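Coordinate inspection notes
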Amino acid sequence: MRIGLIAEGFINNDLDHNFGLMSSWLTRCAGLKYDLLCFGESFAQGFDALTWQPERDVEIALLQNNSHIQKLSETAHACQTGIGFGYIEREEKYFFSSYMVISNQGKQLINFRRVSPGWKERVSDPDICLEGNAFGSFHLEGKNIGIAICGDLWHDELLEKFCEQETDLLLWPLYINYSPEDWFGGEREEYAKRVAALNRPILMINSLSDAPEKAYGGAYVFENGIVKQELALGQSGILTVTI
């Protein structure tokens, strides 16, 4: 299996730009035998897109059948390449931090909802912004693949549940804004050690952002407490992983 981890820059609240980037990567990688291209947490709207005012955020969050998602699914099918991306999801009046994976046939393989609460620290109504309650996985090219979003792996009780999953690898889309100095000064190794207990490849995907708390991109493969592959923090582009 060939997976591309893509560190790319989003623009907050610019769906045309962000979905356009994902579509262009699908087109660029068509015919290069990638089974899946993966983007970071909340990439579709941008990590800082929400206002935390439900009456306004209802226009920002996306339904699963949103027209942008449908068009991206058509592009995935046309390019014969799967794609995964984070987005703020709406179902009825409720909001979730979710990650959708679409197959090379344009079909939804999984819609995973973040199970940890860290994404909604500023929310005024915790009964509207919710966590998911399922630790699902999906099958692709003979592999069983799990997903965790950002802080999901930093809660001991949740980490135990992910350890119990019988998956071959785990996608870890996130948004981190460490400076390169802090990241290479020790945080990089802390992340590798944190997920060592999972005993399988962990594929980390970050984004780039020029927001006040700047994010520097990068993509990593952690396994057994060490860095196996990296597109170093501070870089954009694609890290190719063969499993």
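Residues numbered from 1 in each chain as written. Predicted model: local features only at pLDDT ≥ 70, side-chain atom pairs only at ≥ 80, totals over all residues. Heavy atoms only, no water.

Here's the deal with the overall build of the protein
The helix and strand inventory of the protein stands at five helices and 14 strands. Relative to a compact globule of 243 residues, whose C-alpha radius of gyration would be 18 Å, the protein shows 17 Å and is just as compact. Taken over the C-alpha atoms alone, the protein extends approximately 45 × 40 × 35 Å along its principal axes. Within the protein, the fraction of its 243 residues that count as buried is 53%. Restricting the contact set of the protein to residue pairs at least 6 apart, pairs at least 24 apart contribute 64%. Looking at charge distribution, the protein has the averaged site of its 20 positive side-chain charges lying 5 Å from that of its 34 negative ones. (Helix = DSSP H or I, 4+ residues; strand = E, 2+ residues; numbered from the N terminus. Rg over C-alpha atoms; globule rule 2.2 N^0.38 Å. Buried < 20%, exposed > 50% of the residue type's maximum accessible area, 1.4 Å probe, protein only. Contact = heavy atoms within 4.5 Å. Lys, Arg positive; Asp, Glu negative; His and termini not counted. Charge placed at Lys NZ, Arg CZ, Asp CG, Glu CD.)

Here we look at the side chain of S103
Considering the arrangement of structural elements, one finds S103 in the loop between strand 4 (94-102) and strand 5 (108-113). Given the relative accessible area of 9%, S103 is considered buried. A polar contact is formed between the side chain of S103 and the backbone nitrogen of Q105, at a distance of 3.1 Å. Setting aside anything within four residues of it in sequence, one finds S103 in contact with A76, T81, G82 and L109. (Polar contact = N/O pair within 3.5 Å; in protein donor to acceptor, adjacent residues only side chain to side chain.)

A few points about the nonpolar core
Of all hydrophobic cores here, the largest spans 46 residues; its most connected members are L5 and W172. Here L5 is in contact with C38, L203, M204, I205, A219, Y220, V221, G237, I238, L239 and V241, once residues within four sequence places are set aside. In this structure, F10, F39, A44 and I83 belong to the second largest nonpolar core, which totals 25 residues. (Core = buried A, V, L, I, M, F, W, Y, C linked by side-chain atoms within 4.5 Å.)

Considering unusual backbone geometry
With the exception of glycine, the majority of residues adopt a negative phi angle, and the majority of peptide bonds are in the trans configuration. Even without being glycine, N13 reaches a positive phi, approximately 60°. The topology assignment puts N13 in the loop between strand 1 (2-7) and helix 1 (15-29). The phi dihedral of N199 is positive, around 55°, even though this residue is not glycine. Mapping N199 onto the fold places it in the loop between helix 5 (180-194) and strand 9 (202-205).

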